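Here's the letter readout for the chains.
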Amino acid sequence: MATTITVNQTERSLISSEETPLLWVLRDELKLTGTKYGCGVAQCGACTVMLDGQPVRSCQVAIGDIAGSDVTTIEAVSGVEADAVRQAWVEMDVVQCGFCQSGQVVQAIGLLELNPEPTDGDIDTYMGGNVCRCATYVRVRKAIHRAAEILAA
Amino acid sequence: MQNTRALMACALVAGLLLAPAFAADDETVAYPAAGTVDGATGLEAWSRIYEVASHPRCANCHTGESDVPMWSGPSYGDEPRQHGMRIRAGESRIGAEHLTCSTCHSYSEIPQTVPHAAPRVGASWQLAPAEAHWFGKSSEFICAQLRDLERNDGRDYLALADHIGHDVILHWAWSPGVGREPAPYSLAEHIMDIHLWGAAGQPCPQD
């Protein structure tokens, strides 16, 4: 039986089998390639998406477990936190190669939704599972502080 | 011939007595009544319980006042180390104050078939309560803790056995997915050991 989920506010009936990771449904079946494959074992965070409002590693989520859920990918993140993160990311020129950045951005939005004024420690803890091979961590941290400023203004 | 028949009868009786003891369905298992097991047998059962409690599949998430899970065991090299990614479970023990365990450890009954992937189970992934500190602790320490109602959530041995039998996150220890060594013995054997230990009066090595 097909699994039905809502992806970026559109209901989708999926043909993939229930054990298929959400990541591959997004990329291969739905052609939403903004979400990246990094490791496939929840070690890098590149595949982070919002699942019912919470950041999750889509490589670890079997679609059979999320029937009826809401999924938001980097292509459709929205709201004041997303706007602030987007603006801050551009201002701080965070991105280098960019491969991890869709995961970093989704995770940062999740952080600011939970904690609109994070400390360095809060950021390091919440973002600790999002690996960047270009080591943009300092700029990520600065951009999250900047996004918090934008939210507070 | 009579001796052979007697031996066969004994074997059949023994088989009938023992086989249900390790059955997966605890409804069919006859557990010993309180006071019917001698101390030596109880201590032997405890030593097996400690093997389970101190195994990485269990102890890594029983880190006491520390809210940081551990990474240790055959696939992690010689030295135990803290869970990577700056993970902290917080007072909630599910990471709600920091980063929820469910970010990576999904709620799923679908077996994890990818080596090195995040463990998952059909329950919310979490650290054990701080009072249940097992990682790096001795047999004596854990034994005293498990028979102390103040530190084991008010559970007598029957309640402990029931808890282990019905809390599915604990069952993960025996089916941890590809690439991870399961806890020793089996879930059914472990529950039987809890009963043997309890029926013997919960003896500890330091007694």
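Anything mentioned here points back to the structure above.
The present account deals with the structure reproduced in this document. Within each chain, residue numbers correspond to sequence positions counted from 1 in written order. Here chains are named by letter from A upward and ligands by number from 1 upward, in the order in which they appear as written. Totals for whole chains, interfaces and linings use all residues, but because this is a predicted model, local features are given only for residues with pLDDT of at least 70 and pairs of side-chain atoms are given and counted only at 80 or more. With hydrogens and water set aside, each side-chain value is computed from the structure's full complement of heavy atoms.

## Describing the layout of surface pockets
- We place a 1 Å grid over just the protein atoms. Points where a 1.4 Å probe fits but has no way out form a cavity, open points with protein on both sides within 12 Å along at least 5 of 7 lines form a pocket, and any residue with an atom within 4 Å of a point lines it. Grid points are joined across faces, edges and corners, and a volume is the space filled by probe spheres set on the points. Put simply, the second largest pocket is a space of about 380 Å³.
- Looking at the second largest pocket, it is lined by 20 residues, and the ones nearest its centre are Leu51 of chain A together with Ser102, His105, Ser106 and Tyr107 of chain B.
- Class assignment for the residues of the lining of the second largest pocket results in 10 nonpolar, 8 polar and 2 charged. Classification convention: Asp, Glu, Lys, Arg as charged; Ala, Val, Leu, Ile, Met, Phe, Trp, Tyr, Cys, Pro as nonpolar; all other residues, Gly among them, as polar.

## Topic: the pattern of salt bridges
All names here are of chain A.
- For this document, the term salt bridge refers to a Lys or Arg side-chain nitrogen within 4 Å of an Asp or Glu carboxyl oxygen. Counted according to the given criterion, the structure contains 10 salt bridges over all chains.
- When the shortest N-O distance is used, the salt bridge between Arg141 and Asp120 registers 3.7 Å. Here Asp120 lies in helix α4 (residues 120-126) and Arg141 lies in helix α5 (residues 137-152), a separation of 21 residues in the sequence.
- The classification of residues rests on relative accessible area computed with a 1.4 Å probe and restricted to protein chains. Under 20% of the type maximum is buried, over 50% is exposed, and intermediate values are partly exposed. Residue classification places Arg141 among the partly exposed residues on the basis of a relative accessible area of 29%.
- By relative accessible area, which is 35% here, Asp120 ends up partly exposed.
- Connected through shared salt-bridge partners, Glu91, Arg146 and Glu149 make up one network. Helix numbering and strand numbering both begin at the N terminus, where a helix is a DSSP run of H or I of at least 4 residues and a strand a DSSP run of E of at least 2.

## Quick notes on the interface of chain A and chain B
- We call two residues contacting when some pair of their heavy atoms lies within 4.5 Å. The partner chain B presents 22 residues to the 20 residues of chain A that form the contact.
- Taking both sides of the interface into account, the surface hidden between chain A and chain B amounts to around 1,600 Å²; carbon and sulfur atoms contribute 55%.
- For this analysis, a polar contact is any N or O atom pair within 3.5 Å, provided that within protein one partner can donate a hydrogen and the other can accept it, and provided that sequence-adjacent residues contribute only side-chain to side-chain pairs. At the boundary of chain A with chain B, the tally comes to 6 residue pairs in polar contact (both at pLDDT 80 or more).
- Only β4 (54-57), α3 (101-114) and α4 of chain A provide two or more residues apiece to the side of chain A that touches chain B.
- Tallying contributions element by element places β4 of chain A first for the side of chain A that touches chain B, with 4 residues.
- Counted by class, the side of chain A that touches chain B contains 7 nonpolar, 8 polar and 5 charged residues. What counts as buried area is the accessible surface, traced by a 1.4 Å probe, that two parts surrender upon association, with contributions from both included.

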